[in-house]
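Commentary on secondary and tertiary structure
Spelled out, the chains give:
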Amino acid sequence: MTSTERRSQIQSVLSTSQLPISASELAHRFHVSRQTIVGDVSLLRAGGEAIVATLRGYEYQKKSGS
């Protein structure tokens, strides 16, 4: 799996998850280091993805309801 494919999969996992997912859990799932996941998420955020880091893990920013 290339880094681009992994980042795409991270987006998919986070967008379908109801709960935050830790970098360690993502690292285990994709067989890479936690630091690699942190870097991937940083690149995704720099590219405009609304991913936020919480105390429980990463998740997409919730849209505020009007």
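Residues numbered from 1 in each chain as written. Predicted model: local features only at pLDDT ≥ 70, side-chain atom pairs only at ≥ 80, totals over all residues. Heavy atoms only, no water.

**Quick notes on the pairing of strand 1 (residues 51-54)**
For strand 1 and strand 2 (residues 57-60), the ladder comprises 4 bridges, and the chain directions are antiparallel. The residue bridging threonine 54 from the neighbouring strand is glycine 57, located in strand 2. In textbook terms, the turn of a hairpin is the stretch between consecutive antiparallel strands, and for strand 1 and strand 2 this stretch comprises 2 residues. (Pairing = 2+ DSSP bridges. Helix = DSSP H or I, 4+ residues; strand = E, 2+ residues; numbered from the N terminus.)

**Thoughts on the side chain of arginine 7**
Within the secondary structure, arginine 7 sits in helix 1 (residues 3-16). Given a relative accessible area of 18%, arginine 7 falls into the buried group. At a separation of 3.2 Å, a polar atom in the side chain of arginine 7 contacts the side chain of aspartate 40. Once residues within four sequence positions are removed from consideration, arginine 7 is found in contact with Asp40, Leu43 and Leu44. (Buried < 20%, exposed > 50% of the residue type's maximum accessible area, 1.4 Å probe, protein only. Polar contact = N/O pair within 3.5 Å; in protein donor to acceptor, adjacent residues only side chain to side chain. Contact = heavy atoms within 4.5 Å.)

**A look at the pattern of salt bridges**
Within this structure, the stated rule accounts for 3 salt bridges. We note a salt bridge from glutamate 25 to arginine 29, for which the minimum N-O separation is 3.8 Å. With a gap of 4 residues between them, glutamate 25 and arginine 29 both fall in helix 2 (residues 23-30), about one helical turn apart. By relative accessible area, arginine 29 is classed as partly exposed at 41%. Through salt bridges with shared partners, one network takes in Arg6, Arg7 and Asp40. (Salt bridge = Lys/Arg side-chain N within 4 Å of Asp/Glu carboxyl O.)

**Structural notes on the packing of helix 1 against helix 2**
Put simply, helix 1 and helix 2 touch, their axes get as near as 12 Å, and they point 125° apart. Between helix 1 and helix 2, the angle is such that the two are oblique. Crossing handedness for the pair helix 1 and helix 2: right-handed. In this structure, helix 1 contributes Arg6, Gln9, Ile10 and Val13 to the contact, and helix 2 contributes Leu26, Arg29 and Phe30. Its residues assigned to classes, the contact of helix 1 with helix 2 shows 4 nonpolar, 1 polar and 2 charged. (Axes fitted to C-alpha atoms, helices over the stretch in contact; angles between N-to-C directions. Parallel < 35°, antiparallel > 145°, perpendicular 65-115°, else oblique. Left-handed = near helix turned anticlockwise from the far one by under 90°. Nonpolar A, V, L, I, M, F, W, Y, C, P; charged D, E, K, R; others polar.)

Worth remembering: the numbers are spatial, not functional.
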